[in-house]
Amino acid sequence: MLLVFHDCIVIGAGLAGMRAAIEAARSGLDVAVVTKIYPVRSHSVAAQGGINAALGKTDSWEAHMFDTVKGSDYLGDQDAIEVMCRQAPSDILELEKMGAVFSRSAEGMIAQRPFGGAGYPRTCYLADRTGHGMLHVMYEQLLKHGIFIYDEWHVLKLVVEDGEVRGVVALELDTGKLHRLHSKAVIVATGGYGRVYRTTTNALSSTGDGMGLALDAGLPLMDMEFVQFHPTVLPRTGILMTEGARGEGGFLLNSKGERFMEKYAPSVKELASRDVVSRAEQTEIEEGRGVDGCVLLDLRHLGAEKIKSRLSQIRGLAMDFAGVDPVVSPVPVKPGAHYSMGGIAVDKDGQTALPGLFAAGESACVSVHGANRLGGNSLLETIVFGRRAGASVARYCEATEAKPFPDSALKDACHSVAMVLKRSGGESIYAIRKEMNDAMEDFCGIFRNSVRLKKGYEKIRELRERYKKAALTDKSECFNNELLGYFELGQMLDISECILLGAMNREESRGSHSRTDFPKRDDEKWLRHTLVYKENGEFRLDYRNVSITKFKPQERKY
Ligand SMILES: Cc1cc2nc3c(=O)[nH]c(=O)nc-3n(C[C@H](O)[C@H](O)[C@H](O)COP(=O)(O)OP(=O)(O)OC[C@H]3O[C@@H](n4cnc5c(N)ncnc54)[C@H](O)[C@@H]3O)c2cc1C
């Protein structure tokens, strides 16, 4: 059999994966990117509102750092946050040199809009299509550097031999064939897991695969209980109405026409951080001041011209998916699962605890977002820490010899695929997936308590058992989406259990994790990161200290 070898394999062609691949290739490495969907369909393409950097004359990286630390409810690691905020301006300028287009101010500078939790307008944007602009530019760079792309290949396994990573086993979706890809290093950049929830802004492909692969390789996931619910998504579809809509001056109203955020965050109102706004909305809805299970996003006072120039995409989405033109009527919105603060535990250079394995982007937890991410900081994380992971892989590969792995890993994967395809008469994966989505949304949503969390945990345990006997109706080899869905579901069930375990255990309220039975933040017991390991199919918790350098924890008010 042909032996396929690269110095570095990057799993994922979103912004983090592509940025990492480019940096590694610049050092002369042979780099390949494996992606289960076409690169420019990666979820990064959907990012709307923008990317943060302290470019303004009176802004500073220290102010950006303080806002991020406060936004994280003091759980973010301050050494990592400092790296991100210091490097943001030069990374944005580099992006621009690569060809990324940003909206401009009247003076011709990169325009910046206010975003939630930020003390300064520091979110650079391209209208409401920032991710689209950035991802296409990054893809051009990928092609320019001659990086090989395994398009529509789904990674099923990280191969670990003698305590180091040696490559991956992947399924080629259009033929159904399994392949071994050997490498000295692997970078996981597979994005978030939003699809474990029923209402989510995330793409169908955001199923947290890389986090599951890392768990199976014996690595810990960090801070999984922290799930960000975005305050403004369309009901039913979960389509996002960017925070930029509030950044441009949009209001949130309840059924009485009140700007209810005045009550919850008197000084910054709609521009409080996302956890605060989502909780306020949910409270209004639960206390009977909602409108058909939603609140209203009112943009009418911004005027047609501003809406059409700065928020044209979300206007189109509101018209197509909610039947409402924001120029003439308020848009019904509610909170929806949006972002994974937790992920594979890595250091500031993207290194995991396993030699040769690196992670970056939403699948990693550095941790720069702690208990709550600020809008505009995730695109920034993909660029800064994608670049750093690529550079540290280059250093690692220079000092490491290529060692292929035996074909037993491939044989094991072939055997499991054959067994799944052969099984008949079992339950459908779609039924199990729906019950998982319902359990996570109903029992592990914005407001949590021990009774609900326990119900959710028991449900997921039951679903994990049922999953083992699930059977597929599609037995074909060519583009078998049901087979892909089967593997994604397995990872999502593991991730759901990690989220629930972390949430049950953390008896306090911090950032996005809000326990009605423990409503206060408890720094004495819980100013620490949660780690979760998978051992023999069961999960085990552990803890790690938070890095606190410049800002001592204080009460968080907006
Ligand atoms: C609607 C929306 C709007 C957003 N707006 C903003 C914003 O304005 N500002 C901001 O800062 N953040 C925003 N975010 C968050 C931000 O866009 C994401 O966190 C970020 O883009 C994630 O990038 P990534 O490279 O980590 O992953 P992704 O872009 O999600 O890419 C994941 C990649 O992994 C690949 N992959 C996954 N599993 C496998 C597998 N098993 N085998 C092979 N390949 C695999 C996929 O094919 C894909 O290429 C938004 C998110 C959403 C959902």
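Worth saying up front: this structure is predicted, and the values here are computed from it rather than measured.

Section: helix H12 (residues 408-422)
With 15 residues, H12 should reach 21 Å at 1.5 Å per residue; the first-to-last C-alpha distance of 21 Å fits that figure. Turning to H12, its buried residues number three or more, namely Ala409, Leu410, Ala413, Val417, Val420 and Leu421. Angularly, the buried residues of H12 cover 105° about the axis, an arc narrow enough to put them on a single face. Counted as exposed and oriented over 90 degrees from the buried face of H12: Lys411, His415 and Lys422. Residues of H12 that are buried in the fold lie against strand S7 (153-161), strand S8 (164-172), strand S9 (177-188) and helix H15 (481-505).

Topic: the sheet that holds strand S4 (residues 112-113)
One open sheet accounts for 3 strands, arranged S3-S5-S4; its pairing is antiparallel. Strand pairing shows two members of the sheet lacking a second neighbour, strand S3 (51-52) and S4, which therefore form its edges.

Examining the environment of Gly238
With respect to the helices, strands and loops of the structure, Gly238 is situated in the loop between strand S11 (227-233) and helix H6 (244-247). Note on Gly238: relative accessible area 1%, which makes it buried. When near neighbours in sequence (up to four residues on either side) are disregarded, Gly238 contacts Thr199, Thr200, Thr201 and Val233.

Some words on the pairing of strand S1 (residues 4-11)
Where burial is concerned, most of S1 is hidden: 6 out of the 8 residues are buried. Here 7 bridges tie S1 to S9, and the two strands are oriented parallel to one another. In the strand pairing of S9, His6 is matched with Ser183. In terms of strand pairing, S1 meets strand S2 (residues 31-35) through 4 bridges, oriented parallel.

Digging into the site of the ligand
Around the ligand there are 38 residues in total, and Ser42, His43, Ser44, Glu362 and Ser378 lie nearest to it. Take Ile37: an N or O atom from its main chain is 3.3 Å from an oxygen atom of the ligand. The contact in question runs from an oxygen atom of the ligand to an N or O atom on the backbone of Leu379, over 2.7 Å. For the ligand, the accessible surface in isolation is 1,000 Å², of which the surrounding protein chains cover 98%. At the level of elements, helix H1 (15-26), S2, S7, strand S14 (331-340) and helix H11 (377-398) are the ones that each hand at least two residues to the shell around the ligand. For the shell around the ligand, the element with the highest residue contribution is H11, accounting for 4 residues. Residue composition of the shell around the ligand, grouped by class: 14 nonpolar, 20 polar and 4 charged.

Concerning the domain arrangement of the protein chain
We note that the domain assignment places domain 1 (231-336) and domain 2 (408-524) within the protein chain. Once you take the C-alpha centre of each, domain 1 and domain 2 turn out to be 30 Å apart. Across the contact, 7 residues belong to domain 1 and 5 residues belong to domain 2. Both sides of the domain 1 and domain 2 interface together cover about 490 Å² of buried area, and 66% of this is carbon and sulfur. A per-residue breakdown of the area domain 1 buries against domain 2 is headed by Asp275, Arg279 and Gln282, which together make up 67% of the total. Linking domain 1 with domain 2 are 0 salt bridges, by the criterion used here.

What to know about the packing of helix H13 (residues 429-443) against helix H14 (residues 450-467)
Where H13 meets H14, the axes come as close as 9 Å, and the angle between the chain directions of the two elements is 165°. Considering their axes alone, H13 and H14 lie roughly antiparallel with respect to each other. Our pair here, H13 against H14, has a crossing hand that is left-handed. Here Ile432, Glu435, Met436, Ala439, Met440, Asp442 and Phe443 of H13 come into contact with H14, specifically with Arg452, Leu453, Lys455, Gly456, Lys459, Ile460, Glu462, Leu463, Arg466 and Tyr467. Considered class by class, the residues forming the contact of H13 with H14 number 9 nonpolar, 1 polar and 7 charged.

Focus on the packing of H1 against helix H4 (residues 130-144)
Two elements in contact, H1 and H4, have axes separated by 10 Å at closest approach and are oriented at 30°. By the angle between their axes, H1 is roughly parallel relative to H4. Viewed along their axes, H1 and H4 form a crossing whose handedness is left-handed. When H1 is examined against H4, the residues Leu15, Met18, Arg19, Ala21 and Ile22 are found in contact with a partner set consisting of Met134, Leu135, Met138, Tyr139, Gln141 and Leu142. Each residue belonging to the contact of H1 with H4 can be placed in one class, and the counts come to 9 nonpolar, 1 polar and 1 charged.

Examining the pairing of S7
With 8 bridges connecting them, S7 and S8 associate as antiparallel partners. Opposite Val155, over in S8, you have Ala170 as the bridge partner. Taking the residues between adjacent antiparallel strands as the criterion, S7 and S8 are bridged by 2 residues, where Asp162 takes a positive phi near 45°.

Regarding the side chain of Lys184
By the element assignment, Lys184 lies in strand S9. Only 3.1 Å separates the side chain of Lys184 from the backbone oxygen of Cys397, close enough to count as a polar contact. Those residues in contact with Lys184, other than ones at most four positions away along the chain, are Phe5, His6, Asp7, Val165, Gly356, Tyr396, Cys397, Thr400, Glu401 and Ala402.

Definitions and cut-offs
Residues numbered from 1 in each chain as written. Predicted model: local features only at pLDDT ≥ 70, side-chain atom pairs only at ≥ 80, totals over all residues. Heavy atoms only, no water. Helix = DSSP H or I, 4+ residues; strand = E, 2+ residues; numbered from the N terminus. Expected span 1.5 Å × (residues − 1). Buried < 20%, exposed > 50% of the residue type's maximum accessible area, 1.4 Å probe, protein only. Arc of directions from axis to C-beta. Contact = heavy atoms within 4.5 Å. Pairing = 2+ DSSP bridges. Near = heavy atom within 4 Å. Polar contact = N/O pair within 3.5 Å; in protein donor to acceptor, adjacent residues only side chain to side chain. Areas by Shrake-Rupley, 256 points an atom, 1.4 Å probe, with all protein chains shown as cover. Nonpolar A, V, L, I, M, F, W, Y, C, P; charged D, E, K, R; others polar. Domains from an automatic or database assignment. Buried area = accessible area lost by both parts, 1.4 Å probe. Salt bridge = Lys/Arg side-chain N within 4 Å of Asp/Glu carboxyl O. Axes fitted to C-alpha atoms, helices over the stretch in contact; angles between N-to-C directions. Parallel < 35°, antiparallel > 145°, perpendicular 65-115°, else oblique. Left-handed = near helix turned anticlockwise from the far one by under 90°.

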